[in-house]
Amino acid sequence: MTRIFLIRHGETEWNKIGRLQGHSDVKLSPEGIRQAQLLAEHAPFRTFDAIYSSDLSRAVNTAKILAAKFHLRVVEERGLREVNFGEWEGKTADELRDDPDFQSWLAGDNTVKPPRGESNADFVRRICKIFESIVEGLMKTGTTECAIVTHGGVIMTLLAVYGLPQAKPFEWTMDNGYGYSLRVTPMLWQRGKVCEVFAKIPEEKL
């Protein structure tokens, strides 16, 4: 059995005001740094053997704070980035409320993508490819405890695709600095590529 801790990066100033970040490399705010430090102190994992992260600084720096506790090197993966919002990046949903493409995108239309950005379909393919690669690598090497620090949209989408119990993406929302614990067993993964979601990280509000 392998346990994977899917963790959303700490808060940024853009998170506070609701700006779409996507591939924009927005750094952690002081509050985001504090959230990562609290998570390192209070998260349910006593140890882990590997830590992966999106290569954007808000995720990498969250991961480094966690990794320092266990003297691990962070493995950065571009495939774990948030969806590329293209020309919508830096804008709020309110600023885009009159954009029909944005409204269709929000509704889940896989044929629509942000101008110079990434469609929902391309996003799902990208993150599923890297997640499956990580899971299969962990099982092949016998790694039993792993953390993945990434973005809210990535986590919600991955859990909607692979998580048990089954739920829609919006049902897997989480605050910055929080996430979910997954249990991956070879039998379940080989039969249907699914993971059991068994706890929130951390289980109580910090």
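Bear in mind the structure is a predicted one, so any value in this text is a computation, not a measurement. Think of each chain on its own: its residues are numbered from 1, step by step along the sequence as written. Per-residue local features of the predicted model are confined to residues with pLDDT of at least 70, and side-chain atom pairs are confined, for both listing and counting, to 80 or more; whole-chain, interface and lining totals are unaffected and use all residues. Calculated side-chain values reflect all of the structure's heavy atoms, with hydrogen atoms and water omitted.

Quick notes on the environment of Thr62
And then number 1: Mapped onto the secondary structure, Thr62 falls in helix H3 (residues 57-70).
And then number 2: Think of it in three bands: residues with accessible area under 20% of the maximum for their type are buried, residues over 50% are exposed, and the middle band is partly exposed, with areas taken using a 1.4 Å probe on protein chains only. According to the relative accessible area criterion, Thr62 is buried, its value standing at 1%.
And then number 3: Residues Thr62 and Asp99 lie 37 residues apart in sequence; the distance between their C-alpha atoms is 33 Å.
And then number 4: The contact rule is simple, with two residues in contact once any of their heavy atoms fall within 4.5 Å. Ignoring sequence-local partners within four residues, the contact set of Thr62 consists of His9, Gly10, Leu28, Ala36 and Val149. Secondary structure counts use DSSP, requiring at least four H or I residues in a row for a helix and at least two E residues in a row for a strand, with both numbered from the N terminus.

Comments concerning the environment of Gly152
And then number 1: Residue placement: Gly152 occurs in helix H6 (residues 152-162).
And then number 2: Along the backbone, Gly152 and Tyr178 are 26 residues apart, and their C-alpha atoms lie at a distance of 9.5 Å.
And then number 3: Every residue in contact with Gly152, bar those within four places of it in the chain, is listed here: Arg8, Glu82 and Met174.

A short note on the pairing of strand S4 (residues 145-150)
And then number 1: The buried fraction of S4 amounts to 6 of the 6 residues, a majority that puts the element mostly inside the structure.
And then number 2: By the alternation rule, side chains of S4 split into Glu145, Ala147 and Val149 and Cys146, Ile148 and Thr150, which are all buried.
And then number 3: DSSP bridges decide pairing: two strands pair if at least two such bridges lie between them. The pairing of strand S1 (residues 2-8) with S4 spans 6 bridges and is parallel. The residue of S4 that forms the bridge with Ile7 is Val149.
And then number 4: Relative to S4, strand S2 (residues 50-54) runs parallel, the two being bridged by 4 bridges. Residue pairing in the sheet places Tyr52 in a bridge with Ile148 of S4.

Let's talk about the confidence of the model for the protein
And then number 1: Every residue is assigned a pLDDT by the predictor, reflecting its confidence on a scale from 0 to 100. On average, residues of the protein carry a pLDDT of 93, and 97% of them reach 70 or more.
And then number 2: Across the protein, the element-wise mean pLDDT spans from 90 in helix H4 (residues 100-106) up to 98 in strand S3 (residues 74-77).

A word on the sheet that holds S2
And then number 1: Pairing within the open sheet is mixed, and its 7 strands lie in the order S3-S2-S4-S1-S6-S7-S5. Among the strands making up the open sheet, the edge pair consists of S3 and strand S5 (163-164).
And then number 2: Bridge count between S2 and S3: 4 bridges; the pairing is parallel. Across the sheet, the residue bridging to Ser53 is Glu76, located in S3.
And then number 3: H3 contacts S1, S2, S3 and S4 of the sheet and is inclined by roughly 165 degrees relative to S2.
And then number 4: Helix-sheet contacts for helix H5 (residues 120-141) involve S1, S2, S3, S4, strand S6 (179-184) and strand S7 (195-201), and the interaxial angle to S1 is about 145 degrees. An axis is simply a line fitted to the C-alpha atoms; with a helix, the fit covers only the stretch in contact. Between two such axes, the angle follows the N-to-C directions and lies from 0 to 180 degrees.

Observations regarding the pairing of S6
And then number 1: In terms of burial, S6 is a largely internal element, 5 of the 6 residues being buried.
And then number 2: Sheet analysis places S1 next to S6, joined by 6 bridges and oriented antiparallel. Note that in S6 the partner of Leu6 across the bridge is Tyr180.
And then number 3: As paired strands, S6 and S7 are joined by 5 bridges and run antiparallel to one another. Each bridged residue has a counterpart across the sheet, and for Gly179 the counterpart in S7 is Ile201.

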